[in-house]
Amino acid sequence: MTRWNPAALAALASTIILWPSDGVPAGSVHPGPMARAEAFARAEALTALGRQMFFDPSLSASSKQACSSCHDPNHAFGPASAAPVELGGPNLDQPGLRGVPSLRYLQVAPAFTEHFYDSEDEGDESVDNGPTGGLTWDGRADHGKDQASIPLLSPFEMANKDEGAVVAALRKAPYADAFKAVFGDDVFDHPQDAFDAAVEALGTFEQSSADFYPYSSRYDAFLAGKARLTAQELHGRMLFEDGNKGNCASCHLSEPANDGEPPQFTDFGLIAIAVPRNPAIPANADPTYVDLGLCGPLRSDFKGRAEYCGLFKTPTLRNVALRKNFFHNGRFHTLREAVAFYASRDSDPGRWYPKSADGTVDKFDDLPKAYWGNLNTDPPFNGRKPGDKPALTDAEIDDIVAFLGTLTDADQAGQ
């Protein structure tokens, strides 16, 4: 079997990889079957390459925007700014359409399915939970490598005109020799293979446990019996899980799974909650433009499926206290405001939605009335009407926010 040569290993020396004693397989985009040690070494090499690429602005048309520009490692791989959308494009002047999600804790997200049934381990497998899984706000990417290709080619993100432009930038990168060592000396002669290799490396890096799913929050320590929560945090947890109060845990699962896996604080489902329209998003200046999530405009395979319009992915709440904007359109800028919206969307709509010309509240102003039947009405919404008592008091909202603060990972706690 052909082995990597010393020069190839030297190209990767800075990554501090421990190789098996007999080397690793010759570089290839499609290496075929490998021994366990070889597969481990390849994964380590892909992780190292993906890390370099993730922080490399030269992979964008502007040469000024890296993956990390929007997915800041000091903000749990989410946005550092409070802006509802980020700017990209060849001149960094093209606004996006949606808020930037965190890339942490995506490693166990299932592939998208239109009909998700609970597993035997987790509940009644006969229950259809509807659209579930995938990555991005509309679930249109199933794997990290699929998701990685979206910003590389999006005209309002990294804005490469095609896969070949990404490959041309990789060919000039300081880690080009390391890339060839992993994927073959002739990899750049085959642009599609090289692009596929690049997004595989990015996707593999995003599976790095230390970076992306450390499970190091104070709540994790609490579940392990190694930390305590304050009285306020414990009360917030109770409200978070109470089906008649916050009912947050119905979608943001807060208990370990039956197999002992730590809670993900999401059920990976897609639901409609009618977040108010955000006038700060430039696309919304057009009154005919509506972001309908699962049924478009960024996802096209469910276009025209009215029953899915307005549905967006339920994100994990891990590290949520670090965020400066919330929901798919970044409409709210404090965690307390986001929780309060849930508590009084229906009981006090005038607090959240604008008024029409006749003085009435333009309720659900970012979701056409034809799709209001898709709205989630479980508690805390629960059929409340204007003037009804909200699901949570101000003090109870504060307690839930305090509990959510315990979900911040240890490496992010000082941010």
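Basis of the calculations
Residues numbered from 1 in each chain as written. Predicted model: local features only at pLDDT ≥ 70, side-chain atom pairs only at ≥ 80, totals over all residues. Heavy atoms only, no water. Helix = DSSP H or I, 4+ residues; strand = E, 2+ residues; numbered from the N terminus. Rg over C-alpha atoms; globule rule 2.2 N^0.38 Å. Buried < 20%, exposed > 50% of the residue type's maximum accessible area, 1.4 Å probe, protein only. Phe/Tyr/Trp six-rings, centres within 6.5 Å; stacked < 30°, edge-to-face > 60°. Lys NZ or Arg CZ within 6 Å of the ring centre and 35° of its normal.

A. Quick look at the overall build of the chain. Across its full length, the chain carries 12 helices and 4 strands. Relative to a compact globule of 415 residues, whose C-alpha radius of gyration would be 22 Å, the chain shows 23 Å and is just as compact. Taken over the C-alpha atoms alone, the chain extends approximately 75 × 50 × 45 Å along its principal axes. Taking all 415 residues of the chain together, the buried fraction comes to 48%.

B. Representation of the packing of aromatic side chains in the model. In total, this model carries 29 aromatic pairs according to the counting rule given. Between the aromatic rings of Phe-179 and Phe-183, the centroid separation amounts to 4.9 Å while the plane-to-plane angle is 50 degrees, which identifies the pairing as tilted. Of the two residues, Phe-179 and Phe-183 are both situated in helix 6 (residues 176-183); the distance of 4 residues between them amounts to about one turn of the helix. Each member of the pair, Phe-179 together with Phe-183, is buried. Taking 5.8 Å as the distance between ring centres and 25 degrees as the angle between the ring planes, the aromatic pair formed by Tyr-342 and Phe-381 counts as stacked. Separated by 39 residues along the polypeptide, Tyr-342 in helix 11 (residues 335-344) and Phe-381 in the loop between helix 11 and helix 12 (394-404) bring together distant segments of the chain. Of the residues examined, Tyr-342 reaches a relative accessible area of 27% and is grouped as partly exposed. Among the aromatic residues, those joined into a cluster by ring pairs are Phe-327, Phe-332, Phe-341, Tyr-342, Trp-352, Tyr-353, Phe-364, Trp-372 and Phe-381. Here the basic side chain of Arg-318 rests over the ring of Tyr-105, its NZ or CZ set 4.8 Å away from the ring centre.

C. Layout of unusual backbone geometry. In this structure, Pro-297 follows Gly-296 across a cis peptide bond, with omega equal to 10 degrees. If you trace the backbone, Pro-297 turns up in the loop between strand 3 (270-271) and strand 4 (312-313). With omega at 15 degrees, the peptide bond leading from Pro-379 into Pro-380 counts as cis. The phi dihedral of Phe-268 is positive, around 65 degrees, even though this residue is not glycine. Mapped onto the elements, Phe-268 comes out in the loop between helix 10 (231-241) and strand 3. On the accessibility criterion, Phe-268 (11% relative accessible area) is buried. One non-glycine residue, Phe-364, adopts positive backbone phi at about 55 degrees. Here Phe-364 shows up in the loop between helix 11 and helix 12.

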